[in-house]
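# Structural features, examined
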Amino acid sequence: MSNKIKVIISDDQKAVKIPTGIRLFIRRCCNAVLANEKFDDSAEISVRFVDDEEIHKLNLEYRNMDKSTDVLSFPLGEDGVYDTNYDTGAKMLGDIVISIEHAVAQAEQYGHSLQREIGFLTVHSMLHLLGYDHEAGGIEQVRMREKEEQILTQLGVKRNSSYYLGE
């Protein structure tokens, strides 16, 4: 792939030490989604790790939901049209905010690794940045789940069938 994918990862929390290899794995997840979706431009994505308190604030501020959550996606594009970083020519896809505390709890709850949980949340959010939505349920939700499954399998982190992401 000749296009450049820039994933800016920041750790804005003190609750959990980010395991070695997670940053590289997140970059692989982002690349896999873009390849899978045949996204042919250079792209920029920002991924932030926060604690439950911070994601709670963001969820309240941007979605009017007074609770913490596992991941929030802030797409910068609409209908496949994105702002461009004029210095690099890259399409700015948006921001992914992951509550690392939530990810740890969910990994334990579902009996799989933190890496797989973060992989799932990253892939899920990347699909949101590319315009997928599951809020209404139905066929969109099914299509999104199938894509998540396919990409995670390509990355070698198959998830067990009992997994369910509650909203």
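See the structure above.
Read on for a plain summary of the structure. Here the structure is a predicted model, which is why all the values come from computation and not from measurement. (Residues numbered from 1 in each chain as written. Predicted model: local features only at pLDDT ≥ 70, side-chain atom pairs only at ≥ 80, totals over all residues. Heavy atoms only, no water.)

## Some thoughts on helix α3 (residues 100-110)
By the burial criterion, the buried members of α3 are I100, H102, A103, Q106, A107 and Y110. Taken end-on, α3 shows its buried residues confined to a sector of 150 degrees, consistent with a single buried face. Turned more than 90 degrees from where α3 packs its buried face, E108 and Q109 sit exposed. Where the residues of α3 are buried, they touch β2 (43-50), α2 (52-63), β5 (91-99) and α4 (114-129). The positive-phi residue at the C-terminal boundary of α3 is G111, with phi of around 70 degrees. (Buried < 20%, exposed > 50% of the residue type's maximum accessible area, 1.4 Å probe, protein only. Helix = DSSP H or I, 4+ residues; strand = E, 2+ residues; numbered from the N terminus. Arc of directions from axis to C-beta. Contact = heavy atoms within 4.5 Å.)

## Here's the deal with the packing of α3 against α4
Interhelical geometry of α3 versus α4 gives an angle of 115 degrees and a closest axis separation of 8 Å. Read as a crossing pair, α3 and α4 show a hand that is right-handed. Residues I100, A103, V104, Q106, A107 and Y110 of α3 lie in contact with α4, whose contacting residues are L114, E117, I118 and L121. (Axes fitted to C-alpha atoms, helices over the stretch in contact; angles between N-to-C directions. Left-handed = near helix turned anticlockwise from the far one by under 90°.)

## A word on the environment of L127
Tracing the sequence through the fold places L127 in helix α4. Each C-alpha atom of the pair L127 and C30 lies 9.4 Å from the other, and the pair is 97 residues apart in sequence. Those residues in contact with L127, other than ones at most four positions away along the chain, are V33, E37, Y132, M144, K147 and E148.

## Overview of the packing of aromatic side chains
Counting across every chain of the model gives two aromatic pairs. Judged by centre distance (5.9 Å) and plane angle (75 degrees), the ring pair of F39 and Y82 falls under edge-to-face. A residue pair is termed long-range when its members are at least 10 positions apart, and F39 in the loop between α1 (22-36) and β2 and Y82 in the loop between β3 (71-75) and β4 (83-84) qualify at 43 residues. A single burial state applies to F39 and to Y82, both of which are buried. Taken together, a centroid distance of 5.0 Å and an interplanar angle of 70 degrees make the contact between Y62 and F74 edge-to-face. Of this pair, Y62 sits in helix α2 while F74 sits in strand β3, and the two are twelve residues apart along the sequence. (Phe/Tyr/Trp six-rings, centres within 6.5 Å; stacked < 30°, edge-to-face > 60°.)

## Examining the environment of V47
Mapped onto the fold, V47 is located in strand β2. Taking the C-alpha atoms as reference points, V47 and H134, 87 residues apart in sequence, are found 21 Å from one another.

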